[in-house]
Amino acid sequence: MINGAQCIFNPSGPAEPCRIVVLGATGDLAGRKLFPSLFTLFKAGHLNPESRITGCGRGEMSDDEFRRMTEEKVSPDDSEGEQWRRFRQLISYHRLDFNDDASFAALAAGLIPEEGKPAVNRLFYLALPPSSYERAATAIGRAGLGREDGGWSRIVVEKPFGHDLTSARSLNAALHACFNEEQIFSIDHYLAKETVQNILVFRFANAIFEPLWNRQYIDSVAIMATETLGVGHRAAYYDTAGVIRDMFQNHLLQLLSLIAMDPPARFEADQVQDEKVKVFRALKHISSNHDDLAIGQYGNGEIDDGKVAAYREEPGVAAESTTPTYARITAHIDNWRWRGVPFTMISGKRLEKKITRIIINFRRVPHSLFKDILADTIQRNKLIINIYPDEEICLSFQSKVQGTHLCLNQEVMRFAFATGDDQIDAYGRVLLDCLNGERLLFWRQDGLEETWKYLDQILARDNTSRPPGQTLAIYAAGSLGPNREEKLLRHLLTAGKQ
Ligand SMILES: NC(=O)c1ccc[n+]([C@@H]2O[C@H](COP(=O)([O-])OP(=O)(O)OC[C@H]3O[C@@H](n4cnc5c(N)ncnc54)[C@H](OP(=O)(O)O)[C@@H]3O)[C@@H](O)[C@H]2O)c1
């Protein structure tokens, strides 16, 4: 119990001791997210002080050099000095080259216990370029590090999991050659955000929403994740992937599945996954109706009063690139509950605001008894689930304005998550779940394959039916996306503002 709350997962003490191996430990993800989150878990008492963390990269570096590099990224403040001193002792560095089996053998020597010695738990985190995942998994397997001999061995795979259905299956085969499904943790850190986790509690622990949660009462659903950032240092990957692979295959379709799934009988990882997969299977292939799909690419413009370059001028992007940085996909779920309810998913880079939000638009009242008095039609009720920057749930409804005249106004009831003393962010949570073997927040292979099947037909259509360069609407950086999308985006961005 936390302050009278009923808890399902509430790991109190530290996780079991473990050897954590971060492959790609010198990269952006490791520096910005993984090591800061590991330090937070350590401070909160979740990371066992008997654990050890090995950072791996291709260059030569001493343990101390790597610790100093990590310290710069984590930047502990003065009050954390003593905790940092103890944490840094857990860290070491190992040079690893996928073409050099000897470097893996040397890593294995420290991770496989000698006979008679206590068993070792191992967690491998692939913070590598996606093109290296298969080789890394195979090398780990060849070194015998996937075998569970007394202790457990787990592997964490970052997004993107493949480039399409074929490559996702190939990566899966490489992983399954050395690990079984329970050992593989395909991560989507979006799922660890408070508001996202709250969707299932909100839907299934309250009796009042579920009876309305269907085509009879819900008119449409919008799911948006917009960014102000450009492609940054990820051009090499992004220019071959684009926004649909980068954002829709994982984050947006995961959010869609949480909104659309049926209740599982129990709150258990496999049962929740079963229900999500049923949603993915019910996604209707996009029709020839072009209104279901819009794509664009950012041109130059202004963000926060500063000029920014067009996508095609970014370092590492091809000058003639036709990679979309904006997409809208209107999905249709062909089942009893959702038939006819559009789920509009939008994501884009270099847009006016960074916002992640889900909007449930309810149907209008069937008959307005105020229609003779009020010129305006009565606005719909909306349920808005804000994920970023605010973490809150808002319900809009009509209310009478105080006074002698009958005037209606839209009011908003808000529930905001306190940004209180729980400092463990989404990456910290997924890392903790990996350490505890809790699989609820991770992908299962059948779900991954279903999402790729859905997106492959969209991408194939886009690649084949429209000549390169003519399919994209170029939009100004800092704007509301392509011209035809502006009105919709403005509407979604201002929803719930009172
Ligand atoms: N950055 C993010 O915010 C973010 C968010 C979500 C997902 N991801 C995913 O996380 C993974 C890592 O992203 P990142 O942004 O950290 O990339 P990054 O900054 O390019 O770092 C990649 C790391 O991999 C190592 N590396 C590069 N090429 C390698 C090769 N051929 N063989 C072995 N090691 C190699 C590099 O280390 P050395 O050069 O020292 O070997 C470096 O430490 C990617 O799959 C990305 O899609 C990243």
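Since the model is a prediction, treat every value here as computed from it, not as a measurement.

A. View of unusual backbone geometry. Across the junction of K159 and P160, the peptide omega takes the value 5 degrees, indicating a cis bond. As for its position among the elements, P160 is in the loop between β5 (153–157) and α6 (165–176).

B. Expanded view of the site of the ligand. Among the 22 residues in the neighbourhood of the ligand, the closest are listed as T26, D28, R32, R58 and Y133. The separation between an oxygen atom of the ligand and a polar side-chain atom of R58 is 2.7 Å. With respect to the ligand, the side chain of H233 contributes an N or O atom lying 3.3 Å from an oxygen atom. In the complex, the protein chains occlude 79% of the 890 Å² of accessible area that the ligand would expose alone. Elements that contribute at least two residues to the shell around the ligand include exactly α1 (28–43) and α5 (133–142). Here the shell around the ligand takes 3 residues from α1, the largest share from any one element.

C. Main features of the pattern of salt bridges. For the coordinates displayed, the defined rule picks out 35 salt bridges. A salt bridge links R86 to E82; the nearest nitrogen and oxygen atoms lie 3.8 Å apart. Within this pair, R86 and its partner E82 are both found in helix α3 (residues 81–88), separated by 4 residues, close to a single helical turn. For E82, a relative accessible area of 44% gives the class partly exposed.

D. Here's a closer look at the sheet that holds strand β4 (residues 122–126). In space, the 7 strands of this open sheet follow the order β3-β2-β1-β4-β5-β6-β16, with mixed pairing throughout. At either end of the open sheet lies a strand with only one pairing partner, and these are β3 (91–95) and β16 (442–443). Strands β2 (52–57) and β3 of the sheet are contacted by helix α2 (residues 63–74), whose axis makes an angle of about 115 degrees with β3. Across the sheet, α5 is in contact with β1 (19–23), β4 and β5; its angle to β4 comes to roughly 160 degrees.

E. Just the state of the cysteines, in detail. Using the criterion set out here, one finds 0 disulfides in the structure. The structure places no disulfide on C178, whose sulfur is separated from the nearest cysteine sulfur, that of C56, by 16 Å. Just so you know, C434 is unpaired, no disulfide at all, and the nearest cysteine sulfur is the one on C18, 9.5 Å from it.

F. Fine view of the packing of helix α7 (residues 194–204) against helix α8 (residues 235–260). Running from amino to carboxyl end, α7 crosses α8 at an angle of 10 degrees, the nearest separation of the two axes being 9 Å. By the angle between their axes, α7 is roughly parallel relative to α8. When the axes of α7 and α8 are compared, the crossing they make is left-handed. Where α7 abuts α8, its residues V196, I199, L200 and R203 lie against L255, L258, I259 and A260. Residue composition of the contact of α7 with α8, by class: 7 nonpolar, no polar and 1 charged.

G. Quick look at the packing of α1 against α2. Taken N-terminus to C-terminus, the directions of α1 and α2 make an angle of 95 degrees; their axes are 9 Å apart at the nearest point. The pairing of α1 with α2 is recorded here as roughly perpendicular in orientation. Facing G31, F35, P36 and F39 of α1, the residues of α2 in contact are F66, T70, K73 and V74. Tallied by class, the residues present in the contact of α1 with α2 amount to 5 nonpolar, 2 polar and 1 charged.

H. Layout of the environment of N198. Positionally, N198 belongs in helix α7. Judged by relative accessible area, N198 falls into the buried class, the value being 15%. For the pair N198 and I385, spaced 187 residues apart in sequence, the C-alpha to C-alpha distance is 9.6 Å. Discounting chain neighbours no more than four positions away, the residues touching N198 are I393, F415 and F417.

I. Local environment of the packing of aromatic side chains. One pass over the structure, following the stated rule, counts 15 aromatic pairs. Summarising the aromatic geometry, the rings of W338 and F343 are spaced 5.2 Å apart at their centres and angled 90 degrees between planes, so their arrangement reads as edge-to-face. Of the residues examined, W338 reaches a relative accessible area of 0% and is grouped as buried. Through a chain of ring-to-ring contacts, three or more aromatic side chains come together here, namely F39, F42, W84 and F87. One cation-aromatic arrangement involves R350 over Y298; the distance from NZ or CZ to the ring centre is 5.9 Å. The ring of Y388 has K354 lying over it, and the distance from NZ or CZ to the ring centre is 4.7 Å.

Conventions adopted
Residues numbered from 1 in each chain as written. Predicted model: local features only at pLDDT ≥ 70, side-chain atom pairs only at ≥ 80, totals over all residues. Heavy atoms only, no water. Helix = DSSP H or I, 4+ residues; strand = E, 2+ residues; numbered from the N terminus. Near = heavy atom within 4 Å. Polar contact = N/O pair within 3.5 Å; in protein donor to acceptor, adjacent residues only side chain to side chain. Areas by Shrake-Rupley, 256 points an atom, 1.4 Å probe, with all protein chains shown as cover. Salt bridge = Lys/Arg side-chain N within 4 Å of Asp/Glu carboxyl O. Buried < 20%, exposed > 50% of the residue type's maximum accessible area, 1.4 Å probe, protein only. Pairing = 2+ DSSP bridges. Contact = heavy atoms within 4.5 Å. Axes fitted to C-alpha atoms, helices over the stretch in contact; angles between N-to-C directions. Disulfide = S-S within 2.5 Å. Parallel < 35°, antiparallel > 145°, perpendicular 65-115°, else oblique. Left-handed = near helix turned anticlockwise from the far one by under 90°. Nonpolar A, V, L, I, M, F, W, Y, C, P; charged D, E, K, R; others polar. Phe/Tyr/Trp six-rings, centres within 6.5 Å; stacked < 30°, edge-to-face > 60°. Lys NZ or Arg CZ within 6 Å of the ring centre and 35° of its normal.

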